[in-house]
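Residue strings, one per chain:
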Amino acid sequence: MLRWLRCLHRPRLVIWRSGSSYVARMRYLVKLKGDDEACSAALRAGRLFLYHKLRPLLMRAEGGRHRPLDMKTTDVEALLEKLGQQKERVRESVLVGCTETWVPQFCLDVGTLEKCAVERLCGGEFVDLRKAFFLLRGHDVPHMARGRALLHWHQTHGFCSASGEPTVKNQAGSQRVCQGSGHTYYPQMAPVLIVLVSDGSRCLLGRQAAFPRDMYSALAGFCDMGETMEETLRREVAEEVGLEVETFQFASTQHWPYPQSSFMLACHATVNPQRCQVSVDKVELEDARWFTLEEIQEALRRASAPQAPGGGPPVFWLPPSFTIAHQLVQEWVRQQTAGV
Ligand SMILES: NC(=O)C1=CN([C@@H]2O[C@H](COP(=O)(O)OP(=O)(O)OC[C@H]3O[C@@H](n4cnc5c(N)ncnc54)[C@H](OP(=O)(O)O)[C@@H]3O)[C@@H](O)[C@H]2O)C=CC1
Ligand SMILES: [Mg+2]
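It should be emphasised that the depicted structure is a prediction, and the values quoted were computed from it without experimental measurement.

Looking at the coordination of the magnesium ion (ligand 2)
Protein ligation of the magnesium ion (ligand 2) involves Ala220 (O) and Glu240 (OE), the donor distances falling in the range 2.1 to 2.2 Å. Taken together, the residues span a long stretch of sequence, with alanine 220 in strand S14 (residues 219–222) and glutamate 240 in helix H7 (residues 229–241) at a distance of 20 residues. For alanine 220, a relative accessible area of 26% puts it in the partly exposed group.

Laid out in structure tokens, this is it:
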């Protein structure tokens, strides 16, 4: 039976900045979601982030980093007209947020335009989001991921599953409605459990064949219909590596834009060190193995994908620092070294 893992990690205290500005902005955003006219006015005054076939438009910033390129709506309208499109296409955009200075932010996919022409006219580059994860600063990543996820949802929910008729997006893009059946569709995320398993002194990482070469991550799996988080955790660890979890503790959550949109629920778990022989399900994983604290600490010190010197054995590496898998690994190291 699962037991709660006591004292492994201190509960996280989150302190939000106080003040009425956050509340007012959230109320403004909810108004834009429910009021097409207000949202159209916000679009005129807002900023647009362009995507091309779900690749965000980035520009080079100082220090070799990149940043998302945002544009005035009127500039995007001029761009569309210059490339032979109707400027009304800006209305295909979706609302993704609002800055602290109350500038509404929208995303628009211009995948039907010629990519190089847009890049030339805007002075940026459309970059695959997985590559962009390594180029952007941490706080820009969730923003770009959210835009991609929402645009992808709209691109794949154009028809009603009840009537087969086209669905229509509201101006904010917070829902699609089928006039025929009356169904309203809302953007969805699939719950995924991600877990860092430890035997007390080592942690278990695995890799799928589709991962970048030599990258290892925490175990993950989609929640089955009707499962609790604990049941998914226990099942996935049993299925993928043949181990029985003894204790676990919830850690945090993260939105992840793949494969469609996932709501990642992150946990730490332990197995009995006397029963930690890994048996990998080769359909799901290419490999899974135990790593010592020293190996993990060294991987955390390596900034990016390392090259094995002189053709020696490949060195493993971890997902980028903003990912929840990386955060689980860092938490585990902190716990292992606490009081040392
Ligand atoms: N942010 C992070 O730090 C990390 C994120 N992840 C993400 O977690 C997600 C899940 O991990 P993964 O190990 O692949 O999951 P699973 O172990 O559940 O295996 C994936 C398989 O499950 C099936 N499946 C069941 N439900 C779904 C669903 N709702 N959507 C898609 N496939 C489903 C598919 O099988 P079939 O194709 O046969 O139908 C798919 O190939 C991935 O999207 C991955 O990108 C993973 C690690 C780190
Ligand atoms: Mg998996």
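A short note on the packing of helix H8 (residues 293–301) against helix H9 (residues 324–337)
Where H8 contacts H9, the two axes come as close as 11 Å, and the packing angle between them is 130°. Regarding the angle of H8 to H9, the classification is oblique. Crossing handedness for the pair H8 and H9: left-handed. Of the residues in H9, those in contact with Leu293, Ile296, Gln297 and Leu300 of H8 are His326, Val329, Gln330, Trp332, Val333, Gln336 and Thr337. Considering only residue class, the contact of H8 with H9 consists of six nonpolar, five polar and no charged.

Observations concerning the site of ligand 1
Around ligand 1, a shell composed of 19 residues is seen, among which Gln208, Ala220, Phe222, Glu240 and Trp256 lie nearest. Take glutamine 208: an N or O atom from its side chain is 2.8 Å from an oxygen atom of ligand 1. The separation between an oxygen atom of ligand 1 and a polar side-chain atom of glutamate 284 is 3.0 Å. Here ligand 1, which alone exposes 920 Å², has 62% of that area covered by the protein. Within the residue set of the shell around ligand 1, elements represented by two or more residues are strand S12 (190–198), S14, H7, strand S15 (247–256) and H9.

Focus: the side chain of arginine 89
Within the fold, arginine 89 resides in the loop between helix H3 (73–82) and strand S6 (94–98). At 2.6 Å, the side chain of arginine 89 and the side chain of glutamine 85 are in polar contact. In this structure the side chain of arginine 89 is engaged in a polar contact, spanning 3.4 Å, whose partner is the backbone oxygen of aspartate 109.

Here we look at the pattern of salt bridges
Under the criterion given, the structure shown has 17 salt bridges. Residue glutamate 236 pairs with arginine 235 through a salt bridge whose shortest N-O separation is 3.1 Å. Each of Asp224, Glu227, Arg235, Glu236 and Glu239 takes part in a single network of salt bridges with overlapping partners.

Considerations on the pairing of strand S7 (residues 104–109)
Where burial is concerned, most of S7 is hidden: six out of the six residues are buried. Both faces of S7 are covered, namely the face carrying Pro104, Phe106 and Leu108 and the face carrying Gln105, Cys107 and Asp109. Across five bridges, the pairing between strand S2 (residues 47–52) and S7 is parallel. Note that in S7 the partner of tyrosine 51 across the bridge is aspartate 109. The antiparallel hairpin formed by S6 and S7 contains five residues in its connecting segment, where tryptophan 102 sits at a positive phi of about 70°.

Criteria and cut-off values
Residues numbered from 1 in each chain as written. Chains lettered and ligands numbered in written order. Predicted model: local features only at pLDDT ≥ 70, side-chain atom pairs only at ≥ 80, totals over all residues. Heavy atoms only, no water. Donors = N, O, S within 2.8 Å, 3.2 Å for Na, K, Ca; no water. Helix = DSSP H or I, 4+ residues; strand = E, 2+ residues; numbered from the N terminus. Buried < 20%, exposed > 50% of the residue type's maximum accessible area, 1.4 Å probe, protein only. Axes fitted to C-alpha atoms, helices over the stretch in contact; angles between N-to-C directions. Parallel < 35°, antiparallel > 145°, perpendicular 65-115°, else oblique. Left-handed = near helix turned anticlockwise from the far one by under 90°. Contact = heavy atoms within 4.5 Å. Nonpolar A, V, L, I, M, F, W, Y, C, P; charged D, E, K, R; others polar. Near = heavy atom within 4 Å. Polar contact = N/O pair within 3.5 Å; in protein donor to acceptor, adjacent residues only side chain to side chain. Areas by Shrake-Rupley, 256 points an atom, 1.4 Å probe, with all protein chains shown as cover. Salt bridge = Lys/Arg side-chain N within 4 Å of Asp/Glu carboxyl O. Pairing = 2+ DSSP bridges.

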